[in-house]
Amino acid sequence: MAMDLEKAGHKDNEDHPRLKPLFDAKELTQWLFYRALIAEYIATLLFLYVTVLTVIGHKSQTDPATHCDSCDACGGGGGVGILGIAWAFGGMIFVLAYCIAGISGGHINPAVTFGMLLARKVTLNQAVMYMLAQCLGAISGVGLVKALQEDYYFKYGGGANIVSDGYSKGVGLGAEIIGTFVLVYTVFTVNDPERKAADSHVPVLGPLSIGFAVFLVHLATIPITGTSINPARSFGPAVIYNKDKAWDDQWIFWVGPFIGAAIAAFYHEFILRAGALKLFKR
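Here we summarise the structure given alongside this text. Here the structure is a predicted model, which is why all the values come from computation and not from measurement.

This paragraph deals with the overall build of the protein. When helices and strands are tallied, the protein shows 13 helices and 0 strands. Helices and strands appear in the protein in the N-to-C order α-α-α-α-α-α-α-α-α-α-α-α-α. Counting all 282 residues of the protein, 46% fall into the buried class. When contacts within the protein are restricted to residue pairs at least 6 apart in sequence, long-range pairs at least 24 apart make up 80% of them. With an accessible surface of roughly 13800 Å², the protein has 66% of that area assigned to carbon and sulfur atoms.

Turning to the nonpolar core, a few remarks are in order. Grouped together as the largest cluster of nonpolar side chains are 48 residues, with contacts concentrated most on Phe 47, Val 52, Ile 108, Tyr 153 and Leu 183. Secondary-structure elements contributing two or more residues to this core are α2 (31-61), α3 (81-104), α4 (110-118), α5 (124-148), α7 (169-190), α9 (205-225), α10 (231-241) and α12 (252-272). The element that contributes the greatest number of residues to this core is α2, accounting for 7 residues. Dropping the residues within four chain positions of it, Phe 47 is found in contact with Phe 89, Met 92, Ile 93, Leu 96, Ile 108, Asn 230 and Arg 233.

Another point: the pattern of salt bridges. Tallied over the full model, the rule gives 4 salt bridges. The closest approach of N and O atoms between Lys 155 and Asp 63, which form a salt bridge, is 3.8 Å. Of this pair, Lys 155 sits in helix α6 (residues 150-155) while Asp 63 sits in the loop between α2 and α3, and the two are 92 residues apart along the sequence. For Asp 63, a relative accessible area of 13% gives the class buried. Measuring nitrogen to oxygen at the nearest pair gives 3.8 Å for the salt bridge that ties Lys 121 to Glu 269. Within this pair, whereas Lys 121 is found in the loop between α4 and α5, its partner Glu 269 is found in helix α12, the two being separated by 148 residues in sequence. Here Lys 121 falls in the partly exposed class, since its relative accessible area comes to 24%. Three or more residues are tied together by salt bridges with common partners; here these are Lys 169, Lys 245 and Asp 249.

Attention shifts here to the packing of α7 against α9. Two elements in contact, α7 and α9, have axes whose closest approach is 9 Å; the angle formed by their N-to-C orientations is 175°. Considered as vectors, α7 and α9 are oriented roughly antiparallel to each other. Residue-level contacts link Val 171, Gly 172, Ala 175, Glu 176, Gly 179, Val 182, Leu 183, Thr 186, Val 187 and Val 190 of α7 to Gly 206, Ser 209, Ile 210, Ala 213, Val 214, Val 217, Thr 221, Ile 224 and Thr 225 of α9.

Our focus in this paragraph is unusual backbone geometry. Despite not being glycine, Arg 120 has its phi angle at roughly 60°, a positive value. Mapped onto the fold, Arg 120 is located in the loop between α4 and α5. By relative accessible area, Arg 120 is classed as partly exposed at 35%. Phi at Thr 227 takes a positive value of approximately 65°, unusual for a residue other than glycine. Structurally, the position occupied by Thr 227 is in the loop between α9 and α10. Using a relative accessible area of 0% as the deciding quantity, one classes Thr 227 as buried.

Time to look at the environment of Asn 242. Residue placement: Asn 242 occurs in the loop between α10 and α11 (244-248). As for Asn 242 and Ala 160, which are separated by 82 residues in sequence, their C-alpha atoms are 9.1 Å apart. The residues touching Asn 242, leaving out its near neighbours within four places in the chain, are Pro 237 and Trp 247.

On to a nonpolar patch on the surface. Side chains of Leu 22, Phe 23, Leu 28, Trp 31, Leu 32, Tyr 34, Ile 38, Ile 42, Leu 46, Leu 124 and Val 128 sit close together on the surface and give an oily, nonpolar patch of about 1000 Å² of accessible area. Counting residues per element, the ones that place at least two in the nonpolar patch are α2 and α5. Per-element tally for the nonpolar patch: the top contributor is α2, with 6 residues. Structurally, Leu 28 is set in the loop between α1 (2-15) and α2.

What counts and how
Residues numbered from 1 in each chain as written. Predicted model: local features only at pLDDT ≥ 70, side-chain atom pairs only at ≥ 80, totals over all residues. Heavy atoms only, no water. Helix = DSSP H or I, 4+ residues; strand = E, 2+ residues; numbered from the N terminus. Buried < 20%, exposed > 50% of the residue type's maximum accessible area, 1.4 Å probe, protein only. Contact = heavy atoms within 4.5 Å. Areas by Shrake-Rupley, 256 points an atom, 1.4 Å probe, with all protein chains shown as cover. Core = buried A, V, L, I, M, F, W, Y, C linked by side-chain atoms within 4.5 Å. Salt bridge = Lys/Arg side-chain N within 4 Å of Asp/Glu carboxyl O. Axes fitted to C-alpha atoms, helices over the stretch in contact; angles between N-to-C directions. Parallel < 35°, antiparallel > 145°, perpendicular 65-115°, else oblique. Patch = residues over 30% accessible without salt bridge, like charges linked within 9 Å, V, L, I, M, F, W, Y side chains within 5 Å.

This is the structure we're talking about:
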């Protein structure tokens, strides 16, 4: 068994893709780089537009001041519920990741980009520009929601993430760390060279796994923070909604996801991909 593990470690090291340099000025002169930025911007815009509309629509349909609970004729019936909201987030990630995975990698999330940066799968300039495109896309997507449904937008919280009443900020931070770990660990696993080779005959499987991870995390943490696990998802609504509570809790939706992404990157690259084996052999 020891020999098998050692051979596996050697194979992991040989199959591991070449690490990206920290900075690559040549990227800035290539159209493919800017095409990827446009893809990330549009994908994040669409992601926030659909998901924030779903959240606001659910709240409007369950507002007791305007809808009764039992009368279908007046729009009652409870809205899409937490399950429907979770499906909206997970489903959009599945669709968008499938659409742009071959163009930009389908990050749509600064936490995913941060994890990839720590694992040296993207350059620093690529990571910074991706995060900027994602945040601008999020602001644009939420701005579009506000433009179309301004009254509902402000009445029902603007889709902003906040720590729910009854939960401490520490609990909210912990939920975001663990939830982002689940997501980013799934992303790393989907992009593992051996996994990609084994699943190459079913290309939809990778985006589906990532979308399903987002769906499951939302089911678990919507009652706590509304579920971010994506700093851009929280930043866009905070900018457009611009209320004190959204900004007071904003740090949780950056610190938590970045910590979760860092732990996932360390676990996958250092433990599972035999990065630690190199240290033990020195």
